[in-house]
Amino acid sequence: MPKQEEDRILREWTPILLRTILIAAMVTLVAGLVLTYTFAPDYYVERYQAVQHGRLIGKETLGLLFDRVRQGNPHAVLTIGLFVLTLVPLARVAFCFLLFIRERDYTYVALTAYVLAGLIVGVLAGSAG
Amino acid sequence: MLEILIDLLALAVGAGFIGAISGLGGGVFIVPALVIVAHMPMKVAVGASLISVVATSAGASVAFVRDGWTNLKVAMVLECATVTGAVIGAYLAGVVPTVVLELLFAAMMLQSAYFTVTKRGDDILTKGDPLAERLELSGEVPDLSGNSVHYEVVNVPQGGALMVVAGLMSGLLGIGSGALKVMAMDYIMHLPLKVSSATSNFMIGVTAGAGALVFLARGDVATTIAAPVAIGVTVGALAGSRVLPHLKVEALRTVFVIILLLIAAEMGWRALSGI
C-alpha cells in the first residue's frame, strides 16, 4: 500500500476510533452518575466523605466488577467508564503497532511493543502493589 | 449529593478550561483544586487527575491527528522513556510521603510558570545527528505560507532522559507534564513548535494512561471523585479550545503565571507546615 494511502487511513480512522471510545466512556460515566443519583445518593455522599478522609474502597478484581455491573450497581458502572477511558491511549498505541507491522519497520515494532508492555506492566505493578 | 456533584463539576470545568487556554493541560489545575478547595488527599487528587488528563488528551488529539503534525516515530521513541517513568512514578506515588509530593508539585508549578513566560521560536535544523537519522525521525511541517518545510532532529538520548523525568512527574503528581515535554522537544531536540505540541499531546495521553492504569489496578482511584472530574475537565477543555482562537492569550499570560505561582506557594506552604 502506498505511504500516502496509509497516512490517509491513519488520519481518518484514528480520530473516529478515539472519538468513539471517548464518547462511550463519557456516556458510561454520565449513566453511572445518573444511576447513582437515582438509586444510591446517600451511598455517594458517604463515599465522598470517606474519600476526603483518605479511605478508598481498594482493589477489585475484574470479575467482581462485572458481576456488580450485571447487578446494576451504579458505582461499578462508573469504574467501568473510567477503565474504558484509559483504553483511548492504549488503542492509539495498538493502532501504531499494527501500522509499523504493516510497514515492516521492525525497529518501531519493537519500540511500540515496549510501550504496550509498559502499560501492561503498569497494571500488574498496580495489582501487586 | 447534587450539591457535591455540582461543586466537583464546576471545579473540573474551570480547571479544564484554564488548562486548555493556557496550554498547560487540566492536570496542573485540577490537582490543586481538589486538594485546596475540595479538601481531598493528594493521592486521591492525583488518581482523579490522571484519568482526566487521559480524557482531555484524547479530546484534543482528534484535531491534532487530522492536522498531521504529530511525529509518530518521535512519539514512540520518547514514549518508551515516559511510560517507564510514569509506571515507576505511579508505583512510587503509593509509598512516597505526601510532603514530598506537595514539594515536587510546587517545583513543577514553577517550571510551568517559567515555560509560560519563555518566548519560543522555531529553530529548524537541516542536519540531524546519526542516531536520529538511523531512527528516521525527520519530518515535514507547513510554514506560515503553507509550504512544506523539512526538519531534522538531534539529541535523542538527552531528550529521552528528560522524558523519563516527565513520566516520573506525571505518575507521581497526576499531571500531563506537557510543559516539560514540549521544552525537551523544542530546546533539546529542536523539533518545530507545531510538531512538538501535537506530539506532546499524544504522549501525554499515553503517559497519563500508564499512570492511570497503575492507580486503577491498585484501587487508588476514587470513582466518586474521578467520574465527575473526568466529565467536567473534558467539557471545560472542549469549551477552552473553542474560545481559544478568540482570546488574546498574550494578555492572559501574566494571569496564568500569577495563578501558577500562587499554587506553587500554597502547595509549598502545605508541605512545610504539615497541613
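Residues numbered from 1 in each chain as written. Chains lettered and ligands numbered in written order. Predicted model: local features only at pLDDT ≥ 70, side-chain atom pairs only at ≥ 80, totals over all residues. Heavy atoms only, no water.

Brief notes about the overall build of chain A
Part 1 of the reasoning: Across its full length, chain A carries five helices and zero strands.
Part 2 of the reasoning: The C-alpha atoms of chain A give a radius of gyration of 19 Å, which is well past the 14 Å a tight globule of 129 residues would have.
Part 3 of the reasoning: In terms of principal-axis extent, the alpha carbons of chain A reach across some 60 × 30 × 25 Å.
Part 4 of the reasoning: Counting all 129 residues of chain A, 40% fall into the buried class.
Part 5 of the reasoning: Sequence separation of at least 24 residues holds for 59% of the intrachain contacts in chain A that already meet a minimum separation of 6.
Part 6 of the reasoning: Entry remark: accessible area of chain A is about 7100 Å², with carbon and sulfur atoms responsible for 66%. (Helix = DSSP H or I, 4+ residues; strand = E, 2+ residues; numbered from the N terminus. Rg over C-alpha atoms; globule rule 2.2 N^0.38 Å. Buried < 20%, exposed > 50% of the residue type's maximum accessible area, 1.4 Å probe, protein only. Contact = heavy atoms within 4.5 Å. Areas by Shrake-Rupley, 256 points an atom, 1.4 Å probe, with all protein chains shown as cover.)

Considerations on the nonpolar core
All names here are of chain B.
Part 1 of the reasoning: Leu34, Met42, Phe105, Leu137, Leu173 and Ile225 are the most contacted members of the largest nonpolar core, which has 122 residues in total.
Part 2 of the reasoning: Ranked by the residues each element gives to this core, the list is headed by helix α4 (residues 72-93), at 13 residues.
Part 3 of the reasoning: Residues within four places of Leu34 in sequence aside, it is in contact with Leu8, His39, Met40, Ala45, Ala48, Ile225 and Val229. (Core = buried A, V, L, I, M, F, W, Y, C linked by side-chain atoms within 4.5 Å.)

Digging into the packing of helix α7 (residues 156-173) of chain B against helix α8 (residues 178-188) of chain B
All names here are of chain B.
Part 1 of the reasoning: Closest axis-to-axis distance for the α7/α8 pair is 9 Å, and the angle between their directions is 170 degrees. By the angle between their axes, α7 is roughly antiparallel relative to α8. Within the contact between the two elements, α7 uses Gln158, Gly159, Leu162, Met163, Val165 and Ala166 and α8 uses Leu180, Lys181, Ala184, Met185 and Ile188.
Part 2 of the reasoning: Taken together, the residues of the contact of α7 with α8 sort by class into eight nonpolar, two polar and one charged. (Axes fitted to C-alpha atoms, helices over the stretch in contact; angles between N-to-C directions. Parallel < 35°, antiparallel > 145°, perpendicular 65-115°, else oblique. Nonpolar A, V, L, I, M, F, W, Y, C, P; charged D, E, K, R; others polar.)

A look at the pattern of salt bridges
Part 1 of the reasoning: In total, this model carries seven salt bridges over all chains according to the counting rule given.
Part 2 of the reasoning: Of the charged contacts in the structure, one is a salt bridge between Arg70(A) and Asp67(A), with a shortest N-O distance of 2.8 Å. Of this pair, Arg70(A) and Asp67(A) both sit in helix α3 (residues 62-70), three residues apart, which is roughly one turn of that helix.
Part 3 of the reasoning: Close ionic contact of Lys73(B) with Glu136(B) constitutes a salt bridge, the shortest N to O distance being 2.9 Å. Of this pair, Lys73(B) sits in helix α4 while Glu136(B) is found in the loop between α6 (130-134) and β1 (139-142), placing the two residues 63 residues apart along the sequence.
Part 4 of the reasoning: Using a relative accessible area of 16% as the deciding quantity, one classes Lys73(B) as buried.
Part 5 of the reasoning: The class for Glu136(B) is partly exposed, based on a relative accessible area of 49%.
Part 6 of the reasoning: Residues joined by salt bridges that share partners form a network here, namely Asp105(A), Lys73(B) and Glu136(B). (Salt bridge = Lys/Arg side-chain N within 4 Å of Asp/Glu carboxyl O.)

Some words on the interface of chain A and chain B
Part 1 of the reasoning: Contact with chain A, which involves 54 residues of that partner, is made by 58 residues of chain B.
Part 2 of the reasoning: Interface of chain A and chain B: buried area, both sides summed, is about 5000 Å²; carbon and sulfur atoms make up 80% of it.
Part 3 of the reasoning: Summed over the shared surface of chain A and chain B, the number is one salt bridge.
Part 4 of the reasoning: Its salt-bridge partner being Asp105(A), residue Lys73(B) comes within 3.1 Å of it at the nearest N-O pair.
Part 5 of the reasoning: Counting every contact that joins chain A to chain B gives six residue pairs in polar contact (both at pLDDT 80 or more).
Part 6 of the reasoning: At the level of elements, α1 (3-39), α2 (41-52), α4 (74-102) and α5 (106-128) of chain A are the ones that each hand at least two residues to the side of chain A that touches chain B.
Part 7 of the reasoning: Ranked by the residues each element gives to the side of chain A that touches chain B, the list is headed by α4(A), at 15 residues. (Buried area = accessible area lost by both parts, 1.4 Å probe. Polar contact = N/O pair within 3.5 Å; in protein donor to acceptor, adjacent residues only side chain to side chain.)

Considering the confidence of the model for chain B
Part 1 of the reasoning: On average, residues of chain B score 89 in pLDDT, and 97% of them are at 70 or above.
Part 2 of the reasoning: Within chain B, α7(B) carries the highest mean pLDDT (95), whereas helix α3 (residues 42-67) of chain B carries the lowest (83). (pLDDT = per-residue confidence, 0-100.)

Looking at a nonpolar patch on the surface
All names here are of chain B.
Part 1 of the reasoning: On the surface, Val99, Val100, Leu103 and Leu272 cluster together into a nonpolar patch covering about 350 Å² of accessible area.
Part 2 of the reasoning: Relative to the assigned elements, Leu103 resides in helix α5 (residues 98-117).
Part 3 of the reasoning: According to the relative accessible area criterion, Leu103 is partly exposed, its value standing at 39%. (Patch = residues over 30% accessible without salt bridge, like charges linked within 9 Å, V, L, I, M, F, W, Y side chains within 5 Å.)

Things to note about the packing of α8(B) against helix α9 (residues 193-218) of chain B
Residue and element names in this part refer to chain B.
Part 1 of the reasoning: For the pair α8 and α9, interaxial distance at closest approach is 9 Å and the crossing angle is 135 degrees. One element, α8, and the other, α9, form an angle in the oblique class. Note that α8 runs across α9; the crossing there is right-handed. For the pair α8 and α9, the contacting residues are Gly178, Lys181, Val182, Met185 and Asp186 in the first and Leu193, Ser196, Ser197, Thr199, Ser200, Met203, Ile204 and Thr207 in the second.
Part 2 of the reasoning: In terms of residue class, the contact of α8 with α9 is made up of five nonpolar, six polar and two charged. (Left-handed = near helix turned anticlockwise from the far one by under 90°.)

Quick notes on the environment of Ala198(B)
All names here are of chain B.
Part 1 of the reasoning: Tracing the backbone shows Ala198 in helix α9.
Part 2 of the reasoning: The exposure class of Ala198 is buried, given its relative accessible area of 1%.
Part 3 of the reasoning: When near neighbours in sequence (up to four residues on either side) are disregarded, Ala198 contacts Phe64, Trp69 and Thr70.

Describing the environment of Tyr43(A)
All names here are of chain A.
Part 1 of the reasoning: By secondary structure assignment, the location of Tyr43 is in helix α2.
Part 2 of the reasoning: A relative accessible area of 35% means that Tyr43 is categorised as partly exposed.
Part 3 of the reasoning: Separated by 32 residues in sequence, Tyr43 and His75 have C-alpha atoms that sit 9.5 Å apart.
Part 4 of the reasoning: Not counting the four nearest positions on each side in its chain, Tyr43 is found in contact with Ile57 and His75.

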